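# A structural walkthrough
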Amino acid sequence: MRKVAFTSALLCALTINAQRFSSLTDSLQYRIEMQATLSDSEHTPFWLNANRYGLSSLEPANGYLRGAVSRPLERDSARRWGVGYTVDVAVPTGFTSSFVVQQAFAEVRWLKGLLTVGSKEYPMELKDQELSTGSQTFGINARPIPQARLALPDYWTIPHTRNWLAIKGHLAYGMPSDTRFQRDFTQKQSKYVEHALYHSKAGYLRIGPKNVTLELGLEMACQFGGTSHIFDHNGEVQSIDNGCNIREYFNALLSGGFDATDSYWRNNEGNHLGSWVGRLNMDFKKWNIAFYFDRYFEDHSAMLFMDYDGYGSGSEWQKKKKSKYFFYDIKDMMLGAELKLKNSRWLNHVVVEYLYTKYQSGPLYHNNTVSFSDHISGRDDYYNHTLQIGWQHWGMVMGNPLYMSPVYNDDGVVRVKNNRFVAWHLGLSGDPDRSLHYRVLATWQRGFGTYLTMFPEPRETFSMLAEASWKLPRGGWQVKGAVGVDSGALYGHNVGLQLTIAKYGIIK
């Protein structure tokens, strides 16, 4: 009897485990996509290249064949736990790579918490994915960074607040995959960084009832570790080991430490940056409207809008003697408005944005000295850094693409050469038919270069995109066509066409 009972229990356990294993392979989805882009000029037009998670190219003729298999995490939405995974690869032509692993990740959810390991395309927070120019810290312009990410991805309502307060956020560590690209792009003749590390974190608070809500958040990131190869004016290279032990991980998390090249005046270790973000949502029966902001910063002084400036003079020049602070103006800002018309088909979504990045804590940078005690930390130089490679991955900025990505540089320097600009942006979309969708983007930008290297004259440009996609009624086919145009001194005069054909469905 005991043998029979043991055998029955073993068979039952094996059956349950087999069912669980089988459930991890059900609802598999596939997507096969082919894209071709042709331009009549030196570069692909701006909006045919930007905000595509880095799967794009500036070459006038480029394209790719892409295939993906995934099990959506939503398949387990009715369970306390959930498992999802994706493998998404592309074979391109005219790209910086001959083979691209765009996404390769697995994720496990328990209740509200989610652990993701691998490369995944994460959407932006508090902005529209299709019509916005993009977030200034965590944008959708560059290839995903392989990372381990622990998140509360959806708002969790704080108990006993009568649904008025909810939070979400994430914490992640990873390693960029573009070391080879940096070597090839620079030909080892200008700064490049090998095997750097990556850290990001964010927290968001939602306040208010269902129809009127206010969302506030803080997004922060850090590039640290690795080996920096720095070149002087004579072309001599200095290799600097930035470390990669547990101390560096804590310094990235807590914004502590100092760089290996810092002297008396010490900054935090690594390239720290982030954004204060917010969004006011008002939802009505026939329409809703939202207003949002994104205030970018590069260090603590810009983050807190002030810096200590009470040092002594003479023999006490290193001592803090007074309760004195230098306050920075709140000039640099991304402001946006978003309107959705619920009963309109031809035009149902409008986004307007304004960006100003010229201030960057002002044009002066001066550390206190024996003869001059004032301390002013200006010239923040957005997206660039002395030791780290800057806020980019595979040559594309990881934030808002209006900061000119290094892939546009023809001198082999991985550096953002236009980070001081003013821009206006308009995005429109509609669904004239259930199977037909379109969007239009129009952007005017006036660039001034950087504080270090200003343009002799401001460079203006106008970029436009007109795109339409059609889903066939049967078979899971989708066809998308787009026209992109640039006109001006910043990106040149470009006209390009892009055609995308995709087939998607369920494997099992």
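Residues numbered from 1 in each chain as written. Predicted model: local features only at pLDDT ≥ 70, side-chain atom pairs only at ≥ 80, totals over all residues. Heavy atoms only, no water.

### Considering the environment of aspartate 259
Relative to the assigned elements, aspartate 259 resides in the loop between helix H3 (246-254) and strand E13 (271-283). For aspartate 259 and asparagine 242, which are 17 residues apart along the polypeptide, the C-alpha to C-alpha distance reads 7.3 Å. Once residues lying within four places of it in the same chain are set aside, the contact partners of aspartate 259 are Asn267, Asn268, Glu269, Gly270, His385 and Leu387. (Helix = DSSP H or I, 4+ residues; strand = E, 2+ residues; numbered from the N terminus. Contact = heavy atoms within 4.5 Å.)

### What to know about H3
Every buried residue of H3 is accounted for by Glu248, Asn251 and Ala252. Buried residues in H3, looked at end-on, bunch into an arc of 100 degrees, giving them a common side. H3 presents Ile246, Arg247 and Leu254 as exposed residues on the side facing more than 90 degrees away from its buried surface. Looking at the buried side of H3, the elements it contacts are strand E9 (197-207), strand E10 (212-224) and E13. A side-chain oxygen of the first residue of H3 lies 3.0 Å from the backbone nitrogen of arginine 247; this N-cap is asparagine 245. Serine 255 sits one or two positions beyond H3 and adopts a positive phi of about 55 degrees. (Buried < 20%, exposed > 50% of the residue type's maximum accessible area, 1.4 Å probe, protein only. Arc of directions from axis to C-beta. Polar contact = N/O pair within 3.5 Å; in protein donor to acceptor, adjacent residues only side chain to side chain.)

### Regarding the side chain of glutamate 248
Here glutamate 248 lies in helix H3. Within the local environment of glutamate 248, its side chain forms a polar contact with the backbone nitrogen of asparagine 245, the two atoms lying 3.0 Å apart. Here arginine 247 takes part through its side chain, which lies 3.1 Å from a polar atom of the side chain of glutamate 248. The residues touching glutamate 248, leaving out its near neighbours within four places in the chain, are Phe224, Asn242, Gly243 and Glu269.

### Regarding helix H2 (residues 179-186)
Looking only at H2, the buried set comprises Thr179, Phe181, Gln182 and Thr186. For H2, the angular spread of buried residues about the axis comes to 160 degrees, placing them on one side. Looking at the buried side of H2, the elements it contacts are strand E8 (192-194) and strand E21 (392-393). Where H2 ends, the next residue or the one after it, glutamine 187, has phi of about 55 degrees, a positive value.

### Side note on the pairing of strand E1 (residues 29-39)
Note: E1 against strand E27 (residues 494-506), eleven bridges, orientation antiparallel. The residue bridging methionine 34 from the neighbouring strand is isoleucine 501, located in E27. As judged from the ten bridges shared by E1 and strand E2 (residues 61-71), these two strands associate in the antiparallel manner. Across the sheet, tyrosine 30 pairs through a bridge with valine 69, a residue of E2. (Pairing = 2+ DSSP bridges.)

### A few points about the sheet that holds strand E12 (residues 237-241)
By way of backbone hydrogen bonds, the strands of a sheet pair with one another, either parallel or antiparallel. Taken together, the three strands give an open sheet; going across it, the order is E8-E11-E12, and neighbouring strands pair in antiparallel fashion. In this open sheet, the two strands that pair with only one neighbour each are E8 and E12. Across the sheet, the mean angle separating the axes of adjacent strands is 20 degrees when strand polarity is ignored. (Axes fitted to C-alpha atoms, helices over the stretch in contact; angles between N-to-C directions.)

### Quick word on unusual backbone geometry
For leucine 126, which is not glycine, the phi dihedral falls at a positive 65 degrees. Looking at the element boundaries, leucine 126 is found in the loop between strand E5 (113-119) and strand E6 (147-157). Judged by relative accessible area, which is 9%, leucine 126 ranks as buried. In the Ramachandran plot, tyrosine 383 falls in the positive-phi region, its phi being about 70 degrees despite a non-glycine side chain.

### Details of a nonpolar patch on the surface
A cluster of nonpolar side chains, Val352, Trp424, Leu426, Trp444, Phe462, Met464, Val483, Val485, Val495 and Leu497, forms an exposed patch at the surface whose accessible area comes to about 800 Å². Breaking the nonpolar patch down by element, the ones donating at least two residues are strand E23 (421-433), strand E25 (454-471), strand E26 (477-488) and E27. Among the secondary structure elements, valine 483 is positioned in strand E26. With relative accessibility at 36%, the residue valine 483 sits in the partly exposed group. (Patch = residues over 30% accessible without salt bridge, like charges linked within 9 Å, V, L, I, M, F, W, Y side chains within 5 Å. Areas by Shrake-Rupley, 256 points an atom, 1.4 Å probe, with all protein chains shown as cover. Salt bridge = Lys/Arg side-chain N within 4 Å of Asp/Glu carboxyl O.)

Everything listed is a geometric property; what it means functionally is a separate question.
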